[in-house]
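Spelled out, the chains give:
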Protein chains: 2
Amino acid sequence: MTVFDEELQHLKEKLLRMGSLVEDAIKNSVLSVVERDNDLARRIIDDDRLINTLDVEIDEESIRLIALRQPKAGDLRFITMAMKITTDLERMGDLAVNIAERALELNQEPILKPYIDIPRMREIAQGMTRDALDAFVRKDKKLAMDVIMRDDEVDELKHSVLQELAFFMVQDPTTVTRAMKVSFVAQYLERVADHATNIAEMVIYLIEGKIIRHMAMPPENM
Amino acid sequence: MTVFDEELQHLKEKLLRMGSLVEDAIKNSVLSVVERDNDLARRIIDDDRLINTLDVEIDEESIRLIALRQPKAGDLRFITMAMKITTDLERMGDLAVNIAERALELNQEPILKPYIDIPRMREIAQGMTRDALDAFVRKDKKLAMDVIMRDDEVDELKHSVLQELAFFMVQDPTTVTRAMKVSFVAQYLERVADHATNIAEMVIYLIEGKIIRHMAMPPENM
């Protein structure tokens, strides 16, 4: 293993560490809603700076690597993609903070109803996040494709959550402000899944050199 | 002007072109809501691929520039930031598409009320987008700071929109589904402003080497 290989390995590990912090933040933010746990919500908001620090560190390390080692095409592409991926991860951390903020507000009021679809959305979005990053570091096209496919499930769950919330609001106007906040939580989770999808699309681009980025579905001939 | 300077100039122009497409998309998406214009909404959804194409082109050009010219620290930092900024711009284009999608749905139902705060949110978010990119290509710290300051205005407008919508829903349950969709438009615009703020924070980091990225407000000693 050359020094450069080791440095590259270190970068990958840091990216995975950032990813695992983001995953935890998403998981715990939804827990703070479902279990009405204010302490947990506050911890997520505080801990977001750890994610942000890693974002800056990965950028710095990437730039240093490029400047010092002048990597060739494949590695250069990998390193610059890592920098783009941290932008998505950082936004996902912000979304976890948004969910935790809604938790703090929702926990001041009586519970609307037990949550079923939102924990399910969280589970899928979290899995997509983990798999998108694994697909990136292992250059696993099949896994990246699989992440992209799962995005539709999250969208469908979001639609069913929103429909149910609209029903509550129509039946009982006292639920309006709470139901709106829950609808935002569903939206944040949908956006987490969108970011994971973005990352997966970049992985396929990295492997294939083909632009499936920004396509609704992977083309049939891939 | 060296060949490298020209190439760098070309990259900047492409980034500004992408930014101006995103600005137009945001402006028109809100117009398609306010003026209930389905054709315009569909055009935004179609034209998003132009934004996505530029995203990929800028990435490709950046990687080629780095590989061929091996730019030194300052230029390298600038080019890699450009690649990160396109990630934000691309997401902003997606948000304009989301707004246009809500327009197509909202235009099928009677109008809820004339829009006042949403066009105002759009105006500020659009201005922030333009100024954040100008600040980047001109390395203008003052302008970047100014962008960051304006984010609070957008947040306040969003809160007042949401409060008004909750009032509608409580008063008249037949407004619920429409009001929810309008609330999503307000959320999308808030997120556009967040992305512009991200870009502005990266600009300050580029100039200062200081991490104000991810801080709520710039520190007093800057």
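A quick note: this is a predicted structure, and the numbers were derived from the prediction, not measured. Here, residues in each chain are numbered from 1, in the same order as that chain's written sequence. Whichever chain is written first becomes A and whichever ligand is written first becomes 1, with later ones labelled in order. Residues qualify for local features only when their pLDDT is at least 70, as the model is predicted, and side-chain atom pairs are given and counted only at 80 or more; totals for whole chains, interfaces and linings, by contrast, use all residues. Neither water nor hydrogens contribute to the side-chain values; these are computed over all heavy atoms in the structure.

Asker: I'm lost on the relation of the copies chain A and chain B in this one. Help?
Answerer: Taken together, a rotation about one axis and a shift along it account for how the two chain copies relate. Superposing copies: least-squares fit, C-alpha atoms only, residues required to have pLDDT of at least 70 in both. By a simple turn and slide, chain A fits onto chain B: the slide is 0.0 Å along the axis, the RMSD is 0.0 Å, and the turn is 180°. Taken together, the turn and the small shift mark the pair as related by a two-fold rotation axis. Considering only C-alpha atoms, the residue of chain A closest to the rotation axis is Lys84 of chain A, which sits at 2.6 Å. Here 98% of the contact residues of chain A are again contact residues in chain B; the copies associate through an equivalent surface. Throughout, a contact is declared for two residues whenever any of their heavy atoms are within 4.5 Å.

Asker: Teacher, can you tell me more about the UniProt feature "domain: PhoU" (unreviewed entry) in chain A here?
Answerer: Residue and element names in this part refer to chain A. UniProt positions are given in the numbering used here, feature names are shortened, and annotations may be inferred rather than shown by experiment. The UniProt entry lists residues 15-102 and 118-203 under the feature "domain: PhoU" (unreviewed entry), expressed in the numbering used here. Here a strand is any run of E in DSSP of at least two residues, a helix any run of H or I of at least four, and the numbering for each starts at the N terminus. For residues 15-102, helix accounts for 93% and strand for 0%, while the C-alpha atoms at its two ends are 28 Å apart. For residues 118-203, the end-to-end C-alpha separation is 27 Å, with 93% helix and 0% strand making up the annotated structure.

Asker: What am I meant to see in the environment of Lys14 of chain A here?
Answerer: All names here are of chain A. Mapped onto the elements, Lys14 comes out in helix H1 (residues 3-34). Lys14 sits 82 residues away from Ala96 along the chain, and the two C-alpha atoms are 20 Å apart. With sequence-adjacent residues up to four places away left out, Lys14 is seen in contact with Leu54, Glu57, Ile58 and Glu61.

Asker: Looking at this structure, I do not really get the nonpolar core. What am I missing?
Answerer: Of all hydrophobic cores here, the largest spans 156 residues; its most connected members are Leu89, Ile118 and Phe136 of chain A together with Leu89, Ile118, Phe136 and Met180 of chain B. Apart from the residues lying within four places of it in its own chain, the contact partners of Ile118 of chain A are Val30, Val161, Val182, Val185, Ala186 and Leu189 of chain A. Definition used in this section: a nonpolar core is a set of buried Ala, Val, Leu, Ile, Met, Phe, Trp, Tyr and Cys residues joined via side-chain atoms within 4.5 Å. Classification of residues uses two cut-offs on accessible area relative to the type maximum, computed with a 1.4 Å probe and protein chains only: under 20% is buried, over 50% is exposed, and between them is partly exposed.

Asker: Teacher, can you tell me more about the interface of chain A and chain B here?
Answerer: The parts lose accessible area when they come together, and the size of an interface is often stated as this lost area. Across the boundary between the two partners, chain A contributes 42 residues, which contact 41 residues of chain B. Buried area is a sum: the accessible area each of two parts loses on coming together, probed at 1.4 Å, counted once for each and added. Across the interface of chain A and chain B, roughly 4,000 Å² is buried in total on both sides, 58% from carbon and sulfur atoms. One side-chain nitrogen of Lys or Arg within 4 Å of one carboxyl oxygen of Asp or Glu is enough to make a salt bridge. Between Asp55 of chain A and Lys84 of chain B there is a salt bridge, and its shortest N-O distance comes to 3.6 Å. Pairs of N or O atoms within 3.5 Å make up the polar contacts considered here, provided that, within protein, one atom can donate a hydrogen while the other can accept it, and that residues adjacent in sequence are counted only when both atoms are side-chain atoms. Linking chain A to chain B there are 15 residue pairs in polar contact (both at pLDDT 80 or more). Put simply, the parts of the chain that give the side of chain A that touches chain B at least two residues each are helix H2 (38-69), helix H3 (73-106), helix H5 (141-171) and helix H6 (176-208) of chain A. Gly is placed with the polar residues, together with every amino acid not listed as nonpolar (Ala, Val, Leu, Ile, Met, Phe, Trp, Tyr, Cys and Pro) or charged (Asp, Glu, Lys and Arg). Residues that form the side of chain A that touches chain B fall into these classes: 19 nonpolar, twelve polar and eleven charged.

Asker: Help me understand the packing of aromatic side chains in this model?
Answerer: Where two aromatic rings form a pair, the distance of their centres and the angle of their planes describe that pair. Residue and element names in this part refer to chain A. Two rings from Phe, Tyr or Trp (for Trp, the six-membered ring) form a pair when their centres are within 6.5 Å of each other. A pair whose planes differ by under 30 degrees is stacked, one over 60 is edge-to-face, and the rest are tilted. If you walk through the whole model with that rule in mind, you get two aromatic pairs over all chains. Between Phe78 and Phe136, the ring centres sit 4.4 Å apart and the planes meet at 5°, which makes this aromatic pair stacked. A residue pair is termed long-range when its members are at least 10 positions apart, and Phe78 in helix H3 and Phe136 in helix H4 (residues 117-138) qualify at 58 residues. What makes Phe78 buried here is its relative accessible area of 2%. Among the residues examined, Phe136 registers a relative accessible area of 1% and is labelled buried. The side chain of Lys12 reaches across the aromatic face of Phe78, ending 5.2 Å from its centre. By the criterion adopted, a ring carries a charge over it if an Arg CZ or a Lys NZ lies within 6 Å of its centre and within 35 degrees of its normal.

Asker: Looking at this structure, I do not really get the side chain of Arg91 of chain B. What am I missing?
Answerer: Turning to its location among the elements, Arg91 of chain B is positioned in helix H3 (residues 73-106). Given a relative accessible area of 5%, Arg91 of chain B falls into the buried group. The residues touching Arg91 of chain B, leaving out its near neighbours within four places in the chain, are Asp88, Arg191, Asp194, His195 and Asn198 of chain A together with His195 of chain B.

Asker: Sorry, what's going on with the pattern of salt bridges here?
Answerer: Opposite charge on two side chains permits them to pair, given that their charged atoms come into close proximity. All names here are of chain B. This structure, assessed with the given rule, holds 44 salt bridges over all chains. With its nearest N and O atoms 2.9 Å apart, the salt bridge here joins Arg150 to Asp146. Of this pair, Arg150 and Asp146 both sit in helix H5 (residues 141-171), separated by four residues, roughly a single helical turn. By relative accessible area, which is 16% here, Arg150 ends up buried.

Asker: Is there a simple way to explain unusual backbone geometry in this structure?
Answerer: Trans is the prevailing form of peptide bonds, just as negative phi is the prevailing case for residues other than glycine. Of note in the backbone geometry, Arg36 of chain A takes a positive phi value of approximately 55° without being a glycine. Structurally, the position occupied by Arg36 of chain A is in the loop between H1 and H2. A relative accessible area of 29% places Arg36 of chain A in the partly exposed class. Positive phi is not limited to glycine here, since Gln70 of chain B has a value of about 40°. As for its position among the elements, Gln70 of chain B is in the loop between helix H2 (38-69) and H3.

Asker: Hey, could you run me through the packing of H6 of chain A against helix H6 (residues 176-208) of chain B in this one?
Answerer: Each pair of packed helices can be summarised by the angle the axes make with each other and by the distance between the axes. Direction vectors running N to C along H6 of chain A and H6 of chain B enclose 50°, while the axes themselves pass 12 Å from each other. Taken together, the axes of H6 of chain A and H6 of chain B are oblique relative to one another. The way H6 of chain A lies across H6 of chain B gives a crossing that is right-handed. On the side of H6 of chain A, the interface is formed by Met180, Ser183, Phe184, Gln187, Tyr188 and Arg191 of chain A, while H6 of chain B contributes Met180, Ser183, Phe184, Gln187, Tyr188 and Arg191 of chain B. Structural elements are reduced to axes, namely lines fitted to C-alpha atoms, with helices fitted over the stretch in contact, and the angle between N-to-C directions of any two is expressed from 0 to 180 degrees. An angle below 35 degrees is read as roughly parallel, one above 145 as roughly antiparallel, one from 65 to 115 as roughly perpendicular, and any other as oblique. Helix crossings fall into two classes, left-handed where the near helix is turned counterclockwise from the far one by less than a right angle and right-handed where it is turned clockwise.

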